[in-house]
Amino acid sequence: MDDVRLLVSRTRLTAHAPCALTIVTGIDGNVWSLSGEHFATREAYEQDGLVGIDLTTVELGTRISVLEGCRVSGAEPRSAHVRTGGNRILREFGFSLVAGDEAVVEKAVSIHHDNDVAQPREESAAAAAAALADGYDHLFARHARRWEDVWAASDIEVIGDLESQVLTRFSLFHNIIHTPSHARLPIGARGLSSQVYQGAAFWDQEIFNLPMLTYTRPDLARNVLMYRHDTLPGACRKAARLGYRGAYYAWASGKTGDELFPDIFFTDVLTGRAMRNHFNCWQIHVSPDIVYALWRYYEATGDWSFIVEGGAEIAFEVADFLVSRAHFKKDKNRFELIRLLGPDEYHENVDNNAYTMYLAQYALEKAVEIHDAMSERAPAELSALLGRLGLDEDDVADWREHADLMYLPKPDPGTKLIEQFDGYFSLEDVTPDVVRQRLIDPDEYWGWPNGVAVRTQVLKQADVLQLFALIDIFPPEVMRANYLYYEPRTEHGSSLSPSAHALIASKAELPEEAFRYFEEASSIDLYNQSKKVMSGGSFLGGIHTAACGAVWFVVVQGFAGFEVHGDVLRFRPALPERWEGLRFPLVFKSNHLAVELRRDAITVTAAPDNPGAVTISVGDNERQVGPGESVSLG
Ligand code: IFM
């Protein structure tokens, strides 16, 4: 954990009877990705007692060097040699052991590539040799100390329910390990657990993984957002290719930000024919989602340098994209967004998807807000940025106008329901169980162009609930009415779905539902019972990192009811019945806080070296917590 380029292991083998033992260890260069061979070249070698392989990737020609050092202790090996072949380099140690003998093998493997260093082989060799000299115990102690710091910053203690505790920590653990801590890189939708989705960033990272990082390890959240800044050119290329201005972020974004997602992903399992899905060209909500996350980060940290170094540019490019994507309806005096695909991927080519409309409006508003703040605080940087992007005050006026006149589907005054997209309520009103019975093959894709859900109200995930999870302007009765409407119509074909249900059920005062969906969201990978790994002929397995990240906001924003309102941290607790309490840390504008929530009170303790006081509110009570102070509110 304290050096992600180093892998270390120690294996002990104890003989219970006389035996001959051969230990084979080394590096296997046979790596495949879903698109075939991962490496174009491989060169195996021995160097100063280490074994190594130099590799070059097929697509980008990245040079990678992996070197392994090995130390054997305990019983003396009777033979030791190195062999190569079949893209591997292996060492073999032969032992003749008698009962009670112990053979111990320590390995230190180092990996470097030329994205990071000019001489990967030299760097890896030096690092593996140094690690071997340090020894396993020393390295393990360093690793463990680092983990202690990470857990101190990130843990959630669930008091009184061991199963919930395990589910929560399992999820936090995966959100931690799949977040790159050493570089500005994406959080893969399956992390490093599977090659599905190619390690690429989706909207998952901003909406599901980042909330935890923003309030626990904001430096990592900043890295992830700066990755979006680094990849702006790719997003602008995508917008231009599709005939728009500004930045249209990829549905699947890799190193360059260009769209990685293919036109053809699913197969019609009945005919074997390829199906065109439009995730890569109609799912425009990814761009405003990124602005949403960057604004939440700024709100939580006050990190103005981030706005100037990258946040403003992202927000301006996204606003420019949205303006070029919107249509003005003269008769209705409003801007609309048509031909969309919302998070509910079963309904492609829809107009005015509620989630997308609200997020687009939010992003436009924030672009204007950032512009106005910069014109006060950083006028020179603002005019340089606008000049570089080819924008001027007329464009800013356009953003303002679009934000003011963007069509926002409102709750119906009678039913309080928000229609997910134009015409949704006129679709066939059936439940997922009914629709499931219409499948001819269990692996059929439910969505576009002709799947069983397309002409029905059955959803993959509920966009209106997802909207409530982000934009907190809707009263509990509206959330409740929509929850009760959309939940029975949702199939949860996405691992992202249960978390929004848990959060909104909690806010809508439906505690049993909230807990049921908390358990579902947090156990998707641990119990391996709920998610299919095949959809429309494609393998989709691996750790669902977004579902893991989301468990943080289900617990902290749902059950503890944590919300940020300006400079006030508000809690509206709704603890599950079987929980006695919760403990978790938060960081807000560089102030470190420990929160303890019990049934009758919340105690917030501020770290002694905090830079200032923080305002906490629970119900009608509001108190300030200064550095080193502890405050309890009933
Ligand atoms: O981004 C998600 C999408 O919303 C649903 N299918 C899987 C993607 C990656 O997790």
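Residues numbered from 1 in each chain as written. Predicted model: local features only at pLDDT ≥ 70, side-chain atom pairs only at ≥ 80, totals over all residues. Heavy atoms only, no water.

What follows deals with the overall build of the chain. A count of helices and strands for the chain gives 18 helices and 25 strands. Since a compact globule built from 634 residues should have a radius of gyration of about 26 Å, the 27 Å found for the chain is in line with a globular shape. Burial statistics for the chain: of 634 residues in total, 56% are counted as buried. Restricting to contacts in the chain with at least 6 residues of sequence separation, those with at least 24 account for 65%. As displayed, the chain offers around 26,100 Å² of accessible surface, 50% of which is attributable to carbon and sulfur atoms. Of the side-chain charges in the chain, 59 are positive and 90 negative, and the distance between the mean point of each set is 2 Å. (Helix = DSSP H or I, 4+ residues; strand = E, 2+ residues; numbered from the N terminus. Rg over C-alpha atoms; globule rule 2.2 N^0.38 Å. Buried < 20%, exposed > 50% of the residue type's maximum accessible area, 1.4 Å probe, protein only. Contact = heavy atoms within 4.5 Å. Areas by Shrake-Rupley, 256 points an atom, 1.4 Å probe, with all protein chains shown as cover. Lys, Arg positive; Asp, Glu negative; His and termini not counted. Charge placed at Lys NZ, Arg CZ, Asp CG, Glu CD.)

With that settled, the discussion passes to the state of the cysteines. A covalent bond bridging the sulfur atoms of two cysteines is what the word disulfide describes. Tallied over the full model, the rule gives 0 disulfides. The closest cysteine sulfur to the non-disulfide-bonded Cys-236 is located on Cys-281, 18 Å from its own sulfur. (Disulfide = S-S within 2.5 Å.)

Strand order in the open sheet formed by 5 strands is β1-β10-β7-β6-β5, with antiparallel pairing between adjacent strands. Of all strands in the sheet, those bounded by a partner on one side alone are β1 (6–14) and β5 (39–47). Averaged over all pairs of adjacent strands, the angle between their axes in this sheet comes to 15 degrees, without regard to strand direction. Relative to strand β7 (residues 63–74), strand β6 (residues 50–57) is paired through 6 bridges, and the arrangement is antiparallel. Directly across from Leu-55, in β7, lies its bridge partner Ile-64. (Pairing = 2+ DSSP bridges. Axes fitted to C-alpha atoms, helices over the stretch in contact; angles between N-to-C directions.)

This part takes up the pairing of strand β23 (residues 614–618). With 5 of 5 residues buried, β23 is to be regarded as a mostly interior element. Alternating positions in β23 separate into two faces, Val-614, Ile-616 and Val-618 on one and Thr-615 and Ser-617 on the other, with burial throughout. Sheet analysis places strand β19 (residues 568–571) next to β23, joined by 4 bridges and oriented parallel. The residue bridging Arg-570 from the neighbouring strand is Ser-617, located in β23. Pairing of β23 with strand β24 (residues 621–625) involves 5 bridges; the strand directions are antiparallel.

On to the packing of helix α8 (residues 286–301) against helix α9 (residues 304–325). Taken N-terminus to C-terminus, the directions of α8 and α9 make an angle of 155 degrees; their axes are 10 Å apart at the nearest point. Between α8 and α9, the crossing angle belongs to the class labelled roughly antiparallel. Here the hand of the crossing between α8 and α9 comes out left-handed. Where α8 abuts α9, its residues Ser-287, Pro-288, Ile-290, Val-291, Leu-294, Tyr-297 and Tyr-298 lie against Trp-304, Phe-306, Ile-307, Gly-311, Ile-314, Ala-315, Val-318, Phe-321 and Leu-322. Classifying every residue of the contact of α8 with α9 by side-chain character gives 14 nonpolar, 2 polar and no charged. (Parallel < 35°, antiparallel > 145°, perpendicular 65-115°, else oblique. Left-handed = near helix turned anticlockwise from the far one by under 90°. Nonpolar A, V, L, I, M, F, W, Y, C, P; charged D, E, K, R; others polar.)

With that settled, consider the pairing of β7. Joining the antiparallel neighbours β6 and β7 is a turn of 5 residues, in which Gly-61 adopts a positive phi near 70 degrees. Inspection of the sheet shows β7 paired to strand β10 (residues 102–113) by 11 bridges, in the antiparallel sense. Across the sheet, residue Gly-74 finds its bridge partner in β10, namely Ala-103.

Inspection of the secondary structure puts His-371 in helix α10 (residues 354–377). The class for His-371 is buried, based on a relative accessible area of 4%. For His-371, the residues in contact, after removing those within four places along its chain, are Phe-316, Leu-382, Leu-386, Glu-393, Val-396 and Arg-400.

Inspection of the secondary structure assignment puts Phe-539 in strand β17 (residues 538–539). For Phe-539, a relative accessible area of 45% corresponds to the partly exposed category. Remark: the alpha-carbon pair of Phe-539 and Tyr-197, spanning 342 residues in sequence, is separated by 10.0 Å. The contact partners of Phe-539, leaving out residues within four places of it in the chain, are Ser-194, Val-196, Val-533 and Met-534.

Turning to the site of the ligand, a few remarks are in order. Surrounding the ligand, one finds Ala-189, Arg-190, Tyr-197, Phe-202, Trp-203, Asp-204, Trp-251, Glu-345, Lys-460, Gln-461, Ser-494 and Leu-496. Trp-203 places a side-chain nitrogen or oxygen 2.9 Å from an oxygen atom of the ligand. One nitrogen or oxygen atom from the side chain of Asp-204 is found 2.5 Å from an oxygen atom belonging to the ligand. In isolation the ligand offers 280 Å² of accessible surface; the protein chains occlude 94% of this area. (Near = heavy atom within 4 Å. Polar contact = N/O pair within 3.5 Å; in protein donor to acceptor, adjacent residues only side chain to side chain.)

Here we have 4 strands laid out as an open sheet, ordered β18-β19-β23-β24, and mixed in their pairing. Only two strands of the sheet have a single neighbouring strand rather than two, namely β18 (563–565) and β24. Mean inter-strand twist for the sheet, computed between neighbouring axes without regard to direction, equals 30 degrees. The pairing of β18 with β19 spans 3 bridges and is classified as antiparallel. Note that in β19 the partner of Val-564 across the bridge is Leu-569.

Here the focus is the packing of aromatic side chains. Applying the stated rule across the entire model yields 43 aromatic pairs. Seen in terms of ring centroids, Tyr-424 and Tyr-486 are 5.7 Å apart; in terms of plane orientation they differ by 40 degrees. Their pairing is tilted. Here Tyr-424, found in the loop between α12 (393–405) and α13 (432–436), pairs with Tyr-486, found in helix α15 (residues 476–486); they are 62 residues apart in sequence, far enough to count as distant. Under the relative-accessibility criterion, Tyr-424 is labelled buried at 0%. One aromatic cluster in this structure is built from Tyr-197, Phe-202, Trp-251, Phe-261, Phe-265, Phe-266, Phe-279, Tyr-346, Tyr-445 and Trp-446. It is Lys-238 that lies over the ring of Tyr-248; its NZ or CZ is 3.9 Å from the centre. Directly above the aromatic system of Trp-304 lies the positively charged group of Arg-377, at a separation of 4.1 Å from the ring centroid. (Phe/Tyr/Trp six-rings, centres within 6.5 Å; stacked < 30°, edge-to-face > 60°. Lys NZ or Arg CZ within 6 Å of the ring centre and 35° of its normal.)

Now for the pattern of salt bridges. A complete count under the given rule lists 43 salt bridges for this structure. One salt bridge in this structure joins Asp-2 and Arg-142, with 2.8 Å as the shortest N-O distance. With Asp-2 in the segment before β1 and Arg-142 in helix α2 (residues 136–154), this residue pair connects regions lying 140 residues apart in the sequence. One continuous salt-bridge network, built from bridges that share partners, spans Glu-157, Arg-583, Glu-596 and Arg-598. (Salt bridge = Lys/Arg side-chain N within 4 Å of Asp/Glu carboxyl O.)

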